[in-house]
Amino acid sequence: MAVLSRHEGSPASTTSATLLIDHIQNLLLPRVTPYLQRLQREKDRRQRERELREEQDRAFERAAAADAERVRTAREEDRLRREADRRKVEEARREEEGRQKHLLWRRWARKYHVPSEPSSGEEGRVKIAVRLPSGKRLERFFSKDTKIERLFAYVETAEREGDEDFDDEDDVPLAAPTDFKVQYRFNLISGYPRAKIEPSALTLDQTIADVEAVRGGGSFIAEGQVGVLVSRTIDTTDEDTDH
């Protein structure tokens, strides 16, 4: 605080209102106005500087937030990419594992699961012929008490895609893979009268004698995918894996 002017004396003379007003308007204000203007300019300058700093701080915070978001997004994209790659590797591993198990099942089924052909003269045998999608024709005798599932296994194992992976024909597992269940992806279609034998759980558990369409033997067409290496992992505690 500064004293700009000092007045003493009688109000009737030197300190009268008229004299003071005149002094302020004509002497004091012209003298202090430049100083007050300089103070105002300085105040305005500081205000602008403060506002500029605040705007710079806000811009910095926005830039920092944008950078942090870019880093977070990049990290998330990298995590998702690595997770996708991991899933692809795991899926490929499972597919290859399933393929190998399917091949092992097929070699086991061909040797141990598909029933031997009944000898000539054996009672209750029927001749069944099957044409595969590849054009290959199968024909042999089955006993009527053979399960339909084993007939399907005979057709499924007739194709040998992938068997070249195994050099030793005698190297056949003694049991089917415990956590693998084959999926039959074809139907057997009879010519006339036309009938379809589907690989449902109920049908597969029946015998040839139980199913009218195949009871007397005959010729069939395998419609669908035969011998295609597919897999299914199962819970061995809940399902029978003999198939």
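Conventions adopted
- Residues numbered from 1 in each chain as written.
- Predicted model: local features only at pLDDT ≥ 70, side-chain atom pairs only at ≥ 80, totals over all residues.
- Heavy atoms only, no water.
- Patch = residues over 30% accessible without salt bridge, like charges linked within 9 Å, V, L, I, M, F, W, Y side chains within 5 Å.
- Areas by Shrake-Rupley, 256 points an atom, 1.4 Å probe, with all protein chains shown as cover.
- Salt bridge = Lys/Arg side-chain N within 4 Å of Asp/Glu carboxyl O.
- Lys, Arg positive; Asp, Glu negative; His and termini not counted.
- Charge placed at Lys NZ, Arg CZ, Asp CG, Glu CD.
- Helix = DSSP H or I, 4+ residues; strand = E, 2+ residues; numbered from the N terminus.
- Pairing = 2+ DSSP bridges.
- Axes fitted to C-alpha atoms, helices over the stretch in contact; angles between N-to-C directions.
- Phe/Tyr/Trp six-rings, centres within 6.5 Å; stacked < 30°, edge-to-face > 60°.
- Buried < 20%, exposed > 50% of the residue type's maximum accessible area, 1.4 Å probe, protein only.
- Lys NZ or Arg CZ within 6 Å of the ring centre and 35° of its normal.
- Core = buried A, V, L, I, M, F, W, Y, C linked by side-chain atoms within 4.5 Å.
- Polar contact = N/O pair within 3.5 Å; in protein donor to acceptor, adjacent residues only side chain to side chain.
- Contact = heavy atoms within 4.5 Å.

Together, Glu 51, Glu 54, Asp 57 and Glu 61 make up a negatively charged patch on the protein surface. Tracing the backbone shows Glu 54 in helix α1 (residues 17-113).

Using the criterion set out here, one finds 21 salt bridges in the structure. Residue Arg 82 is joined to Asp 78 by a salt bridge in which the shortest nitrogen-to-oxygen separation is 2.8 Å. One end of the pair is Arg 82 and the other is Asp 78, both in helix α1 and 4 residues apart, which spans about a single turn. Connected through salt bridges with shared partners, the residues Glu 90, Arg 93, Arg 94, Glu 97, Lys 101 and Asp 179 form a single ionic network.

Read across the sheet, 5 strands follow the order β2-β1-β5-β3-β4 without closing on themselves; strand pairing throughout is mixed. The open sheet is flanked by β2 (137-143) and β4 (195-197), the only strands paired with a single partner. Averaged over all pairs of adjacent strands, the angle between strand axes in this sheet comes to 30 degrees, irrespective of strand direction. Where strand β3 (residues 185-190) meets β4, 3 bridges bridge the pair, whose relative direction is antiparallel.

Glancing now at the packing of aromatic side chains. In total, this model carries 5 aromatic pairs according to the counting rule given. Ring plane angle 65 degrees and centroid distance 6.3 Å describe the contact between Trp 105 and Tyr 184, whose orientation is recorded as edge-to-face. Of this pair, Trp 105 sits in helix α1 while Tyr 184 sits in the loop between α2 (148-156) and β3, placing them 79 residues apart in sequence. Judged on exposure class, the residue Trp 105 and its partner Tyr 184 are both buried. Consider the rings of Tyr 184 and Phe 186, whose centres lie 6.1 Å apart with planes at 75 degrees: the pair is edge-to-face. The exposure class assigned to Tyr 184 is buried, which follows from its relative accessible area of 10%. The rings of Trp 105, Phe 152, Tyr 184 and Phe 186 are connected pair by pair, giving a single aromatic cluster. Over the ring of Phe 141 we find Arg 125, and its NZ or CZ is 3.6 Å from the ring centre.

Another point: the nonpolar core. Core analysis: the largest hydrophobic core is formed by 31 residues, its most contacted members being Trp 105, Ile 128, Val 130, Val 155, Leu 188 and Val 214. It is α2 that provides the largest number of residues to this core, a total of 6 residues.

Further remarks concern the side chain of Thr 146. Tracing the sequence through the fold places Thr 146 in the loop between β2 and α2. Reaching out from Thr 146, the side chain makes a polar contact with the backbone oxygen of Ser 143 at a distance of 2.9 Å. Those residues in contact with Thr 146 that sit more than four places away from it in its chain are Pro 115, Gln 206, Thr 207 and Ile 208.

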